[in-house]
Amino acid sequence: MAKRPLSEKLDQLVGLLVRSSSALMVGMFLVVTAAILRNGLSGLSMEFLTTIPQDSGRGGGIGPLIVSTVLVLGICLLVSIPLGVGTAAWLSEFSGSRQVVTKSIQLSLDLLASIPSIVFGLFGMVVFCQKLNFGFSILSGGLTLACMVLPIIIRTVYFGLRAVPGDIRQAGTALGMSQTRILRSLIIPTAMPAIVVAILLGIGRAMAETAALIFTSGYVMRMPESVFDSGRVLSVHIYDLAMNVPGGETNAQRTAFVLLTSLLVINLCASQFSGRWLTGRRA
Amino acid sequence: MTCDSPIIRVNQLEVTYGEQVALRDLTLEIPQRQITALVGPSGCGKSTFLNTLNRLTDLLPDCKVSGSIQLNDVDILSAECDLYEIRRRVGMVFQKAVPFPLSIEKNLTLPLSEHGLPRSEQQKLAQQALKDVGLWDEVKDRLKKPAMNLSGGQQQRLCIARALALNPEVLLLDEPCSALDPIASRVVENLIVSLRKRMTIVIVTHNLAQAKRIANHMAIFWIRNGAGTVIEQGPAAALFLNPREAVAQEYLSGTCG
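Residues numbered from 1 in each chain as written. Chains lettered and ligands numbered in written order. Predicted model: local features only at pLDDT ≥ 70, side-chain atom pairs only at ≥ 80, totals over all residues. Heavy atoms only, no water.

Participant: Can you walk me through the interface of chain B and chain A in this structure?
Facilitator: When the parts of a complex come together, some accessible area is lost, and that lost area is often taken as the interface size. Tallying the contact residues gives 23 residues for chain B and 18 residues for chain A. Approximately 1900 Å² of surface area, both sides summed, lies buried where chain B meets chain A, with 66% of it carried by carbon and sulfur atoms. Counting the surface chain B buries against chain A, the share from its top three residues, B:Phe100, B:Pro101 and B:Glu114, is 27%. Where chain B packs against chain A, one counts two salt bridges. The closest approach of N and O atoms between A:Arg181 and B:Glu114, which form a salt bridge, is 3.3 Å. On inspection of chain B and its partner chain A, the count reaches five residue pairs in polar contact (both at pLDDT 80 or more). Residue assignment for the side of chain B that touches chain A shows that the elements contributing at least two residues are α2 (83–89), β6 (90–93), α3 (104–114) and α6 (152–165) of chain B. In terms of residue class, the side of chain B that touches chain A is built from 15 nonpolar, four polar and four charged. (Contact = heavy atoms within 4.5 Å. Buried area = accessible area lost by both parts, 1.4 Å probe. Salt bridge = Lys/Arg side-chain N within 4 Å of Asp/Glu carboxyl O. Polar contact = N/O pair within 3.5 Å; in protein donor to acceptor, adjacent residues only side chain to side chain. Helix = DSSP H or I, 4+ residues; strand = E, 2+ residues; numbered from the N terminus. Nonpolar A, V, L, I, M, F, W, Y, C, P; charged D, E, K, R; others polar.)

Participant: I'm lost on the pattern of salt bridges in this one. Help?
Facilitator: All names here are of chain B. A complete count under the given rule lists 19 salt bridges over all chains for this structure. We note a salt bridge from Lys-124 to Glu-121, for which the minimum N-O separation is 3.9 Å. With Lys-124 and Glu-121 both in helix α4 (residues 119–132) and three residues apart, the pair spans about one turn of that helix. The exposure class of Lys-124 is exposed, given its relative accessible area of 56%. Residue class for Glu-121 comes out partly exposed when judged on its relative accessible area of 30%. (Buried < 20%, exposed > 50% of the residue type's maximum accessible area, 1.4 Å probe, protein only.)

Participant: Got a minute to help me understand the pairing of strand β4 (residues 63–71) of chain B in this structure?
Facilitator: In regular strands, side chains alternate between the two faces of the sheet. Residues and elements named next belong to chain B. Note that strand β1 (residues 6–17) and β4 share eight bridges and pair antiparallel. Bridge pairing in β4 places Tyr-17 opposite Cys-63. Linking β4 to strand β5 (residues 74–75), which pair antiparallel, is a turn of two residues; within it Asn-72 sits at a positive phi near 50°. (Pairing = 2+ DSSP bridges.)

Participant: Please clarify how a nonpolar patch on the surface should be interpreted in this entry.
Facilitator: Residues and elements named next belong to chain A. Taken together, the side chains of Leu-24, Met-25, Val-26, Met-28, Phe-29, Leu-30 and Leu-264 define a hydrophobic patch exposed on the protein surface, amounting to about 720 Å² of accessible area. The greatest single-element share of the nonpolar patch, amounting to six residues, is contributed by helix α1 (residues 4–40). Structurally, Met-28 can be placed in helix α1. (Patch = residues over 30% accessible without salt bridge, like charges linked within 9 Å, V, L, I, M, F, W, Y side chains within 5 Å. Areas by Shrake-Rupley, 256 points an atom, 1.4 Å probe, with all protein chains shown as cover.)

This is the structure:
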């Protein structure tokens, strides 16, 4: 019984630590958002979103950059979603007893996920820009990003598929349904929320990326005419304005605001969706 | 003891999970269009045995099955047999109802479309199956609604309907009433009895009173030499009255197991 006061104190201490670290987290988020809100919101207009940049980005808008960003993102998702869902489906449903193969795929996914994005940038430059001869282009950038977000998508979809109760597979099999049919008609629809979350997470990761794109999709601020044109995405624009263009800070902040807002909306959608998934379907 | 006109003949069946032997030297005959109850304590391989009858054991990577299981003239365990056909002929219902996360109607039509039936046929069979299990009047106005919203007893009857829609020759039931309340359990039990005229039924149950009420034929599972096997089988009434084996006697009278 003598121990009780001590363990109570310990509880209080741990409680305090946990609370203050979460407060710190929220505080940091608020400070960053407030700074960008204060500086970015001023002068933000429809015109800024639609016109071309002028004077190295100090003036004008970010119209072409939004188009480039959407194109890079589109290519990234076009490649990474089918590949990611396919790999996850194989790992989860078809790999059977091939433990060695699945283990090595899981390990390589972990390693891929921890590679710094600048390394992906160099890889993309060598493989897509030079070896495959796509040059500095939106295509090269999108493909590089696809390599980067693949581990995230595979992981999230895989866990989504594994979370589908095994008795559904068993019941489907007992009714004489093929494995492909069970996957297509029962497991994928059940895991659809997880797949959507995976895609949203991938979008978030891809939109926030700078380093991997500097070497692959390039710097050009013109409106891209095809995916073989070089195109500057929003995050690269922010980096360039902040680092290389004296007097570009204001537009950098505005661009940051646009990027942050879109990311926030995407993440809110993701958490909304996953929340509904966890509470809604299993009732 | 043998029985008249068996539809399933199991001979020298052995099932292993990796190193562990789950069933050994199991020989059993299951009579046609009767209810065969499989009873015995937990962990002596009744569910494993049921899973071998429609090759669900294939789902387990380290599970090996040897011996023979004849369904009429087809050897279920042979590599050449058509698995999808076997599973259509031998339906199965599990302890826990597993409705698919789809609409009530889609739960029934999905397996039918998998077996290549045209859409009009699918709906007719689905409706008939729902009537067979006495669910039609309860759900006819909400066929497009999620099956997950049904009550436990309704879900289990839906699962039985889903198996019946494929018109199987044999229906395997793995403790179908154990997760249900007594009233829902009685409804399902009556349903099982009503199906006897149409098909062969093999039911695993821990409820000896239930076995006594519904079974025509019975097999008692027990652990022998570290593996499950059938120690006694025969007409249920005779077996309850006068089991030969001492352990079977104790088990059936409720003093062991």
